[in-house]
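Fold and geometry: a report
One letter stands for each residue in the lines below.
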Amino acid sequence: GFLDELKEDFHKTFIRESRWKLIVEGIGVTMLISICAAIAGTLLGFGLYMLSRADAKALQLLAKGIAKIYSRIVAGTPVVVILMILFYVIFGNIRDMSGIVVAILGFTLTFGAFVYDHMEVSVNSVDRGQTEAAYALGYTKNKTFFRIIFPQAMSIFLPSYCGQAVELIKATAVVGYIAVNDLTKMGDIIRSNTYEAFFPLIATAVIYFLLTWLLASLLKLVKLRFEPKRRSGEDILKGVKTK
């Protein structure tokens, strides 16, 4: 019967030869790449943006020039092509080069470009009068940015950042092109071994959905932390003489 056949397919896909372990291993690789790339990309993009605000004019112009070229190249190149260039060309002569390391580097570059571009847009969206008012209260340049401008910019930046972080998990599905056994690749390996497509593909889709849903829920809590209405006047003016 249909149910018996379905049960047999499930057993063949996950239970026989402990194939469920391949799925678990694939989840671990996918999350490792996603988390490392998100953290490193955030640091890269934010660091590059802060250099573009440096007091030294030469450093500021250099950082802006590098960031502009870098973001244009990354934005105009498919991520799978970037990964293949890194793996087969740039690191092609390095023996035993880990595809996971290359994947983290590739997604760090793409995520960092996004962070830089959206930080610039978000900060520029804050009214210039906020900066002038902070200077009038005696704030320094850095204190003005981190105490006044940055929290307001985060309310603009975080929604798109959270969406991009969720997209990052799904984007890692292409790392199989550089010999990385992520979740998608493991599902494909099971499918090729069992000649059954239903359970491997459905399981892969459901797991990606659960991972992205969980990440989106966690990032929603982070967004609440930067809600402007949650900041008290005492906290904003802490350390500033108002009389």
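Now for a look at the structure at hand. Just so it is clear, the structure is predicted and the values come from calculations on it, not from any experiment.

**What about the nonpolar core?**
- Ranked by internal contacts, the top residues of the largest apolar core, which has 44 residues, are I33 and M119.
- Of all the secondary structure elements, the ones that give two or more residues to this core are α2 (20–51), α3 (57–75), α4 (79–90), α5 (99–124) and α7 (141–171).
- The residues contacting M119, other than those within four sequence positions of it, are F46, Y49, F145, F150, M154 and F157.
- With 10 residues, the next largest nonpolar core counts I169, L183, A203 and I207 among its residues.

**Details of α2**
- Here α2 is 32 residues long and its end C-alpha atoms lie 46 Å apart, about the 46 Å a rise of 1.5 Å per residue gives.
- Among all positions in α2, only I23, G26, V29, T30, I33, S34, A37, A38, G41, G45, L48 and Y49 are buried.
- Structurally, α2 contributes buried residues whose contacts are with α1 (2–15), α3, α5, α7, α8 (183–194) and α9 (198–225).

**Digging into the environment of T42**
- Within the fold, T42 resides in helix α2.
- Here the alpha-carbon distance between T42 and T212, two residues 170 residues apart in the chain, equals 18 Å.

**Considering the packing of aromatic side chains**
- Summed over all chains, the structure comprises 15 aromatic pairs.
- With 6.3 Å between their ring centres and 35° between their planes, Y49 and F145 make a pair best called tilted. A residue pair is termed long-range when its members are at least 10 positions apart, and Y49 in helix α2 and F145 in helix α7 qualify at 96 residues.
- Using a relative accessible area of 2% as the deciding quantity, one classes F145 as buried.

Parameters at a glance
- Residues numbered from 1 in each chain as written.
- Predicted model: local features only at pLDDT ≥ 70, side-chain atom pairs only at ≥ 80, totals over all residues.
- Heavy atoms only, no water.
- Core = buried A, V, L, I, M, F, W, Y, C linked by side-chain atoms within 4.5 Å.
- Buried < 20%, exposed > 50% of the residue type's maximum accessible area, 1.4 Å probe, protein only.
- Helix = DSSP H or I, 4+ residues; strand = E, 2+ residues; numbered from the N terminus.
- Contact = heavy atoms within 4.5 Å.
- Expected span 1.5 Å × (residues − 1).
- Phe/Tyr/Trp six-rings, centres within 6.5 Å; stacked < 30°, edge-to-face > 60°.

In short, shape yes, function no, at least from these values alone.
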